[in-house]
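# Tertiary structure, described
One-letter residues, chain by chain:
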2 protein chains.
Amino acid sequence: MPETGWATVPFMSTLNKTEGVSLYVQIRETLRSQLNSGDFETGQKLPAEDELAAQFGVSRMTVRRSISDLVDEGLLYRRHGAGTFVAQPHVERDHNRLTNFFDTEQAREIDVEVQLLHQEVVPARLLVANALALQETEPVIRIHTLRRVDGIPTAVYDEYIPYLLDPGLLQEDFRYRPAWQVLESAGYKVKRAVQKIEARPADETFARLLDVEEDAPLLYKHRVVYLEDGTPVSLLLCHNRGDKYAVKMTLLR
Amino acid sequence: MPETGWATVPFMSTLNKTEGVSLYVQIRETLRSQLNSGDFETGQKLPAEDELAAQFGVSRMTVRRSISDLVDEGLLYRRHGAGTFVAQPHVERDHNRLTNFFDTEQAREIDVEVQLLHQEVVPARLLVANALALQETEPVIRIHTLRRVDGIPTAVYDEYIPYLLDPGLLQEDFRYRPAWQVLESAGYKVKRAVQKIEARPADETFARLLDVEEDAPLLYKHRVVYLEDGTPVSLLLCHNRGDKYAVKMTLLR
DNA sequence: GAGTGGTCTAGACCACCCG
DNA sequence: GGGTGGTCTAGACCACTCG
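What this report covers is the structure whose coordinates are included nearby.

Definitions and cut-offs
Residues numbered from 1 in each chain as written. Chains lettered and ligands numbered in written order. Predicted model: local features only at pLDDT ≥ 70, side-chain atom pairs only at ≥ 80, totals over all residues. Heavy atoms only, no water. Helix = DSSP H or I, 4+ residues; strand = E, 2+ residues; numbered from the N terminus. Buried < 20%, exposed > 50% of the residue type's maximum accessible area, 1.4 Å probe, protein only. Contact = heavy atoms within 4.5 Å. Areas by Shrake-Rupley, 256 points an atom, 1.4 Å probe, with all protein chains shown as cover. Near = heavy atom within 4 Å. Pairing = 2+ DSSP bridges. Axes fitted to C-alpha atoms, helices over the stretch in contact; angles between N-to-C directions. Expected span 1.5 Å × (residues − 1). Buried area = accessible area lost by both parts, 1.4 Å probe. Salt bridge = Lys/Arg side-chain N within 4 Å of Asp/Glu carboxyl O. Polar contact = N/O pair within 3.5 Å; in protein donor to acceptor, adjacent residues only side chain to side chain. Nonpolar A, V, L, I, M, F, W, Y, C, P; charged D, E, K, R; others polar. Phe/Tyr/Trp six-rings, centres within 6.5 Å; stacked < 30°, edge-to-face > 60°. Lys NZ or Arg CZ within 6 Å of the ring centre and 35° of its normal. Parallel < 35°, antiparallel > 145°, perpendicular 65-115°, else oblique. Left-handed = near helix turned anticlockwise from the far one by under 90°.

### As for the overall build of chain A
The number of helices and strands found in chain A is seven helices and nine strands. Every one of the 253 residues in chain A was classed for burial, and the buried ones make up 48%. Look at the contacts in chain A between residues 6 or more apart in sequence, and 57% of them connect residues 24 or more apart. Accessible surface, chain A as shown: approximately 12,500 Å² in total, 48% of it carbon and sulfur.

### Looking at the protein's contact with DNA strand D
The environment of DNA strand D is made up of 26 residues, and the closest members are A:R60, A:R64, A:G81, B:L23 and B:T62. The sugar and phosphate moieties of DNA strand D supply 63% of its atoms located within 4 Å of the protein. Listed by contribution, the elements that provide at least two residues to the surface near DNA strand D are α3 (60-73), β1 (76-79) and β2 (83-86) of chain A together with α1 (23-36) and α3 (60-73) of chain B. Per-element accounting of the surface near DNA strand D gives the leading share, four residues, to α3(B).

### Here's the deal with the environment of A:Q119
All names here are of chain A. In this structure, Q119 sits in strand β3 (residues 112-123). Separated by 52 residues in sequence, Q119 and Q171 place their C-alpha atoms 9.3 Å apart. Dropping the residues within four chain positions of it, Q119 is found in contact with R142, I143, L170, E172 and F174.

### Focus: the sheet that holds strand β3 (residues 112-123) of chain B
Pairing in this open sheet of seven strands is antiparallel, and the strands run β9(A)-β6(B)-β7(B)-β8(B)-β5(B)-β4(B)-β3(B) from one edge to the other. The sheet is open, and its two edges are formed by β9 (247-252) of chain A together with β3 of chain B, each paired on a single side. When strand polarity is set aside, the average angle formed by the axes of neighbouring strands in this sheet is 15°. Across 11 bridges, the pairing between strand β6 (residues 190-201) of chain B and strand β7 (residues 217-227) of chain B is antiparallel. Within β7(B), the residue paired with B:K196 across the bridge is B:H222.

### Section: α3(B)
Here α3(B) contains 14 residues, and its C-alpha end-to-end distance of 20 Å stays within 8% of the 20 Å for a straight helix at 1.5 Å per residue. Of all the residues in α3(B), the buried ones are B:V63, B:S66, B:I67, B:D69, B:L70 and B:V71. Lining the buried residues of α3(B) we find β6 (190-201) of chain A together with α1, α2 (49-56), β1 (76-79) and β2 (83-86) of chain B. Looking one or two places after α3(B), you find B:G74, whose phi comes out positive at around 90°.

### Comments concerning the pairing of β1(B)
Residues and elements named next belong to chain B. Direction of pairing for β1 relative to β2: antiparallel, over a ladder of four bridges. Of the residues in β2, the one forming a bridge with L76 is V86. The hairpin turn running from β1 into β2, its antiparallel successor, is three residues long, and G81 in that turn takes a positive phi close to 85°.

### Observations regarding the interface of chain A and chain B
Accessible area lost during the coming together of the parts is what is often quoted as the interface size. Each partner contributes residues to the interface: chain A has 54 residues there, and chain B has 54 residues. Taken together, the two surfaces of chain A and chain B that pack against each other cover about 4,700 Å², and 55% of this comes from carbon and sulfur. Considering only the surface of chain A that becomes buried against chain B, A:M249, A:L251 and A:R253 emerge as the three largest contributors, covering 17% of it. Across the contact surface, chain A and chain B share four salt bridges. With a closest N to O distance of 2.6 Å, B:R253 and A:E184 form a salt bridge. For the pair chain A and chain B, the number of links is 22 residue pairs in polar contact (both at pLDDT 80 or more). Secondary-structure elements contributing two or more residues to the side of chain A that touches chain B are α3, β1, α6 (179-185), β6, β7 (217-227) and β9 of chain A. Here the residues of the side of chain A that touches chain B sort into 24 nonpolar, 10 polar and 20 charged.

### A word on the packing of aromatic side chains
Under the criterion given, the structure shown has two aromatic pairs over all chains. Taken together, a centroid distance of 5.6 Å and an interplanar angle of 25° make the contact between A:Y77 and A:F85 stacked. Accessibility expressed as a relative area gives 13% for A:F85, which makes it buried. Over the ring of A:Y24 we find A:R65; its NZ or CZ atom is 3.8 Å from the centre of that ring. In this arrangement the basic side chain of B:R147 is found over the ring face of B:Y157, its NZ or CZ atom lying 4.0 Å from the centre.

### Remarks on the protein's contact with DNA strand C
Around DNA strand C, 25 residues are found, and the nearest of them are A:L23, A:T62, B:R60, B:R64 and B:G81. When the atoms of DNA strand C within 4 Å of the protein are sorted by group, sugar and phosphate make up 62%. One of the backbone nitrogen or oxygen atoms of A:S59 is found 2.8 Å away from a phosphate oxygen of DNA strand C. Within the side chain of B:T84, a nitrogen or oxygen atom sits 3.0 Å from a phosphate oxygen of DNA strand C. Secondary structure elements with two or more residues in the surface near DNA strand C: α1 (23-36) and α3 of chain A together with α3, β1 and β2 of chain B. For the surface near DNA strand C, the element with the highest residue contribution is α3(A), accounting for four residues. Across the surface near DNA strand C, the residue classes tally to seven nonpolar, nine polar and nine charged.

### Points about the sheet that holds strand β5 (residues 152-162) of chain A
The strand order across the open sheet built from seven strands is β3(A)-β4(A)-β5(A)-β8(A)-β7(A)-β6(A)-β9(B), with neighbouring strands paired in antiparallel fashion. Two strands lie at the open edges of the sheet, namely β3 of chain A together with β9 (247-252) of chain B, each paired on one side alone. When the angles between neighbouring strand axes are averaged without regard to direction, this sheet yields 15°.

### Quick look at the packing of α1(A) against α3(A)
Residue and element names in this part refer to chain A. As a packed pair, α1 and α3 sit with axes 8 Å apart at the nearest point and diverge in direction by 50°. Considering their axes alone, α1 and α3 lie oblique with respect to each other. α3 is crossed by α1, and the crossing has right-handed handedness. Where α1 approaches α3, its residues L23, Y24, I27, R28, L31, R32 and L35 are matched on the opposing element by T62, V63, R65, S66, I67, D69, L70 and E73. By residue class, the composition of the contact of α1 with α3 is eight nonpolar, two polar and five charged.

Rendered as structure tokens:
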């Protein structure tokens, strides 16, 4: 009888071959819940892939796929010839994902209020045209909002979408969902975004909107969202109060 | 005879089964060079996986692995039941990697100069101890530098490494390589970093070092580097002149 | 219905690590 | 040398897309 819990769990009995969920996903989530439950020590070795495959009643390629996903997430790591091991927990992950500010922030019971300043169709200025691969003066939908957190003005969002991509979008409510999520609901396959972050001084307009002194440091974000085929579909220009906002990201070797 | 170049290239003859490079890597790089050469139009369909496998003379699972890598990079995208397609080029990728500032910036013939302000062993203050999972006052190696680009002071780096991890590191030259690269050379398996970015006003010290006015906007970066097993091995506190520096990152859905 | 990608099998051989 | 992960095969069946 091993002292770890690994070999004692009748893994294979938990798999369901008839439902819609693939085996490698079921196995991955089974392993993840084992890891999250905290039963396993940092650095502890998992059973070999052969053995896990036998326990789950699947082929080794299938269990490898499950493990690979968890390795990509940083929960496990492999050493060729040695084994698969449990990484230290609590390393923050999953910054580098497109997420909805409201899903993540409001879930923490933070009070977010959105004031719509403009929702209109305007000709693209050069910066916007460049980001969205349009000609200058082509029409774009502009959504301009001021966001308050706990009553404190925190960010000014200026978001642009090519009008000709889908004129019907002009009728959507962009206040509580980022543009990419509105596009997703409309059937577009949103895949990735590239953003650039700078520290900039507040000009007179932003100082007034954000209730800070002129030249106060703002965190400026320039984000372009792309579909899976690489089409740019939205540009977000975002000015955040420097003292109220931070961006996190994960870098891989 | 198809009108595309895909079927006309004798792929399999280019593979080398005896050298050290795995087949899926050879196939991936062959496909990548085809894509980079620009012969293929955005949205063009690739041959089916079955056919590519036949052309390369490998099994379908092998060619799938190659394609999956390119899909992860954003060069291709798959549609279940429809095919694999070429994504739009020129989407910037591969931010989110740990890279050496000098490899990337000096390669562009930018003149970077590093002035060592301190290299010493000090007791960890609370911020440092928290980031590196140490007790306060445990000894850490501190590397404090001022960086000039084209003669203009651009960034102040303050980097910390647990002294007890490897006391010999104190003798290393940290000026032209980030700490994580020094650690890598010493045999440590560097895996990931988590960084937080803020906009902050320059205090008197940073204003003097960076030759800006007090309260000028700085881009502040707090970065912790982790080994593959999750051990934190370095903390970087970095203050960049806001008007001279930007951070880019890619977000995935 | 034909073509495609998504999943899965039951093996195999190799390179690498460690005691 | 025994155990491990890395790669690869030659199939198979399914789910999905599209004309």
